[in-house]
Number of protein chains: 2
Amino acid sequence: MPDQRDTPIRILIVDDHPVVVAGLASMLGTQPGIEVVGSASSGEEALELLRTTPADLLLLDLRMPGMNGIDTLHAMRSSKITKRAIVLTSFEADEDIYRAVQAGAQGYLLKDACQTEMIEAIRAVHGGTRYFPRDIAARLAERMMRTDLTARELEVLHMLARGLTNKEIGSALDISGNTVRNHVNSIIEKLEVSDRTEAATTAILRGIIETHG
Amino acid sequence: MPDQRDTPIRILIVDDHPVVVAGLASMLGTQPGIEVVGSASSGEEALELLRTTPADLLLLDLRMPGMNGIDTLHAMRSSKITKRAIVLTSFEADEDIYRAVQAGAQGYLLKDACQTEMIEAIRAVHGGTRYFPRDIAARLAERMMRTDLTARELEVLHMLARGLTNKEIGSALDISGNTVRNHVNSIIEKLEVSDRTEAATTAILRGIIETHG
DNA sequence: TCCATCCTCAACCCATGGATGAAGCTTGCC
DNA sequence: GGCAAGCTTCATCCATGGGTTGAGGATGGA
């Protein structure tokens, strides 16, 4: 365990909400052993900032306009930039959690977390341990059990949720309405729901479908 | 217009996210003419605090565990407590906006608002003017044009979104499946969607249905 | 090569959506 | 009281859509 006075944990905050940035800075800035070295309001800005600002750990918002948290993690991996990262978001949609972990996040915090929990998570992740609240870990485990939807099924799911019929989806994808039915059935089975309507609502609630637009 | 130095606007923050409370306090606390006199993490706590702490304006989170923002506004109205209130939330679901205004909120801010906008909103609402961002105002106007769903239709909508068939809904409500069909048709018409599936997703996206549980 | 997965298609049967009609009920207004 | 309006209830007919099942072809990894 590193001496906190000699080597403070350098944190970069990435969030498009000014309130959250200010709140994190104020909650963490006064903590011994923790130093907020910068903040960015988007993934692009964060990557740019990382070129000049040495940081140990990212506090990363998932849903941001433009390059979101997942995109940012992937971009970092592509650029061989390896920083530890904690995803900090308002949502506990299990698809979000799953994708964050897949993209390389070592921790996942909800924005209703208290100061103590945040600091605990930061120290844990900086020390090399993963950190997930109990509910989040449970959701993650549950998600791990499920099969991913295929690319085709995701296309169908998006259209289905917008109220298109199988025939309309078929026309849009240039396949038969019968085939669309099979994709829908596969979706229903994988999501463990009873019909297309529940598939749509479940997809939104689990974060499989974007709710913005 | 009151002299800012003599009569600062006394603000009470109500939000269950410690980060947001800290952020607002840090963003607003240093502003001339604005004073944050307290914070509460729930509606109940806010009402309790209002007994002893004089405040001019509430910054109120909509979605909180227990008594939420709308409930709090209603409770204040019942208790003849008239405070100006700005609802501050992450969501721009038009049903949320509509209900907030119906409950007596004079302003609606998204949490991605910048410091300037927040201060502008606070000064406007304290001065007696309503404040709504352009998008929000548009959504509100659109919502105003629509007809409210009846209590029965809301019941049906909830079950529909959980994937129940008309017959199953009928059994649960102890009415005929035919009747449920009529309710569903009415829902589809009022929401201006094409089928039950889009009705369900639209209900979630517009905030008609709670997404927690 | 073999197996698994994905995408594709088709046919059967039931559920759903749309259009009406109508009855009992409460609410509120004249 | 009497009347109108709205909500809830139930019904029928009909066209369409959707859930189930079975099955073939393509692809890719073991």
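Only a predicted model underlies this, so the values are computations on that prediction, with no experimental measurement involved.

K.L.:
How would you summarise the packing of helix α9 (residues 177–191) of chain A against helix α10 (residues 196–206) of chain A if you had to cite specific residues and measurements?
P.N.:
All names here are of chain A. Where α9 contacts α10, the axes come no closer than 10 Å and their chain directions differ by 55°. In terms of orientation, α9 and α10 fall into the oblique class. Here α9 runs over α10; the crossing is left-handed. Of the residues in α10, those touching α9 at Val184, Ile187, Ile188 and Leu191 are Arg196, Ala199 and Arg206.

K.L.:
Tell me about the packing of aromatic side chains, and please be specific about residues and values.
P.N.:
Under the counting rule described, the total for this entry stands at one aromatic pair over all chains. Positioned above the aromatic ring of Tyr98(B), the side-chain terminus of Arg143(B) is 3.8 Å from the ring centre.

K.L.:
Can you tell me about the protein's contact with DNA strand C, naming the residues and giving the values?
P.N.:
Every one of the 19 residues lining DNA strand C counts as a neighbour, but Thr150(A), Ser176(A), Thr179(A), Asn182(A) and Arg181(B) are closest to it. In the interface set of DNA strand C, defined as its atoms within 4 Å of the protein, sugar plus phosphate atoms amount to 57%. At a separation of 2.7 Å, a phosphate oxygen of DNA strand C approaches a polar backbone atom of Ser176(A). Each residue belonging to the surface near DNA strand C can be placed in one class, and the counts come to three nonpolar, eleven polar and five charged.

K.L.:
Run through the domain arrangement of chain A, naming residues and quoting values.
P.N.:
Its domain assignment divides chain A into domain 1 (4–144) and domain 2 (151–206). Just the C-alpha atoms count here: the centres of domain 1 of chain A and domain 2 of chain A sit 33 Å apart.

K.L.:
How would you explain the protein's contact with DNA strand D if you had to name every residue and give the values?
P.N.:
Surveying the vicinity of DNA strand D reveals 20 residues, the closest of which are Arg181(A), Asn185(A), Arg152(B), Ser176(B) and Asn182(B). Considering DNA strand D, the proportion of its atoms within 4 Å of the protein that are sugar or phosphate atoms stands at 56%. With respect to DNA strand D, the side chain of Arg196(A) contributes an N or O atom lying 3.0 Å from a phosphate oxygen. Contributing elements (two or more residues each) for the surface near DNA strand D: α8 (166–173) and α9 of chain A together with α7 (151–161) and α9 (177–191) of chain B.

K.L.:
Account for the side chain of Arg146(A), with residues named and values stated.
P.N.:
All names here are of chain A. With respect to the helices and strands, the residue Arg146 is situated in the loop between α6 (134–145) and α7 (151–161). A distance of 3.3 Å separates polar atoms of two side chains, one belonging to Arg146 and the other to Glu142. Residue contacts for Arg146: discarding those within four places in its chain leaves Lys190, Leu191, Glu192 and Arg206.

K.L.:
Could you give an account of the interface of chain A and chain B, naming the residues involved and the relevant values?
P.N.:
Between chain A and chain B, the residue contacts involve 31 residues of the former and 31 residues of the latter. The tally of links from chain A across to chain B stands at zero salt bridges. Remark: the boundary between chain A and chain B carries five residue pairs in polar contact (both at pLDDT 80 or more). By residue number, the principal contributor to the side of chain A that touches chain B is helix α1 (residues 18–28) of chain A, which donates eight residues. Among the residues forming the side of chain A that touches chain B, the class breakdown is 15 nonpolar, nine polar and seven charged.

K.L.:
Got a sec to walk through the relation of the copies chain A and chain B? Specific residues and values, please.
P.N.:
Note on the copies: chain A fits chain B at an RMSD of 0.1 Å, the axial shift is 0.1 Å, and the rotation between them is 180°. In short, the pair behaves as if placed about a two-fold rotation axis. When C-alpha positions in chain A are compared against the rotation axis, the closest is assigned to Gly23(A), at 1.7 Å. Mapped onto chain B, 100% of the interface residues of chain A are again interface residues, and the two copies thus contact each other with one and the same surface.

K.L.:
Could you give an account of the pattern of salt bridges, with specific residues and numbers?
P.N.:
Residues and elements named next belong to chain A. Counted under the stated rule, the structure contains 24 salt bridges over all chains. Across the pair Glu92 and Arg139 runs a salt bridge, and its minimum N-O distance is 3.4 Å. With Glu92 in the loop between β4 (84–89) and α4 (94–102) and Arg139 in helix α6, the pair connects residues that are 47 residues apart, well separated along the chain. According to the relative accessible area criterion, Glu92 is partly exposed, its value standing at 31%. Judged by its relative accessible area of 31%, Arg139 is partly exposed. Two residues, Arg152 and Glu155, come together in a salt bridge whose shortest N-O distance is 2.9 Å. Residue Arg152 and its partner Glu155 are located together in helix α7, separated by three residues, close to a single helical turn. By relative accessible area, which is 35% here, Glu155 ends up partly exposed. Among the ionic contacts, a cluster of salt bridges with common partners joins Asp15, Asp61 and Lys111.

K.L.:
Summarise the sheet that holds strand β2 (residues 34–40) of chain B; cite the residues concerned and give the values.
P.N.:
All names here are of chain B. In space, the five strands of this open sheet follow the order β2-β1-β3-β4-β5, with parallel pairing throughout. Whereas interior strands pair on both sides, the edge strands pair on one side only; in this sheet they are β2 and β5 (107–110). The mean angle between the axes of side-by-side strands here comes to 25°, regardless of whether they run parallel or antiparallel. Sheet topology note: the strand β1 (residues 9–14)/strand β3 (residues 57–60) ladder contains four bridges and is parallel. Directly across from Ile11, in β3, lies its bridge partner Leu57. Across the sheet, helix α5 (residues 115–126) touches β1, β2, β3, β4 (84–89) and β5, and the angle it forms with β4 is around 155°.

Quick notes on the rules
- Residues numbered from 1 in each chain as written.
- Chains lettered and ligands numbered in written order.
- Predicted model: local features only at pLDDT ≥ 70, side-chain atom pairs only at ≥ 80, totals over all residues.
- Heavy atoms only, no water.
- Axes fitted to C-alpha atoms, helices over the stretch in contact; angles between N-to-C directions.
- Helix = DSSP H or I, 4+ residues; strand = E, 2+ residues; numbered from the N terminus.
- Parallel < 35°, antiparallel > 145°, perpendicular 65-115°, else oblique.
- Left-handed = near helix turned anticlockwise from the far one by under 90°.
- Contact = heavy atoms within 4.5 Å.
- Phe/Tyr/Trp six-rings, centres within 6.5 Å; stacked < 30°, edge-to-face > 60°.
- Lys NZ or Arg CZ within 6 Å of the ring centre and 35° of its normal.
- Near = heavy atom within 4 Å.
- Polar contact = N/O pair within 3.5 Å; in protein donor to acceptor, adjacent residues only side chain to side chain.
- Nonpolar A, V, L, I, M, F, W, Y, C, P; charged D, E, K, R; others polar.
- Domains from an automatic or database assignment.
- Salt bridge = Lys/Arg side-chain N within 4 Å of Asp/Glu carboxyl O.
- Least-squares fit on C-alpha atoms with pLDDT ≥ 70 in both.
- Buried < 20%, exposed > 50% of the residue type's maximum accessible area, 1.4 Å probe, protein only.
- Pairing = 2+ DSSP bridges.

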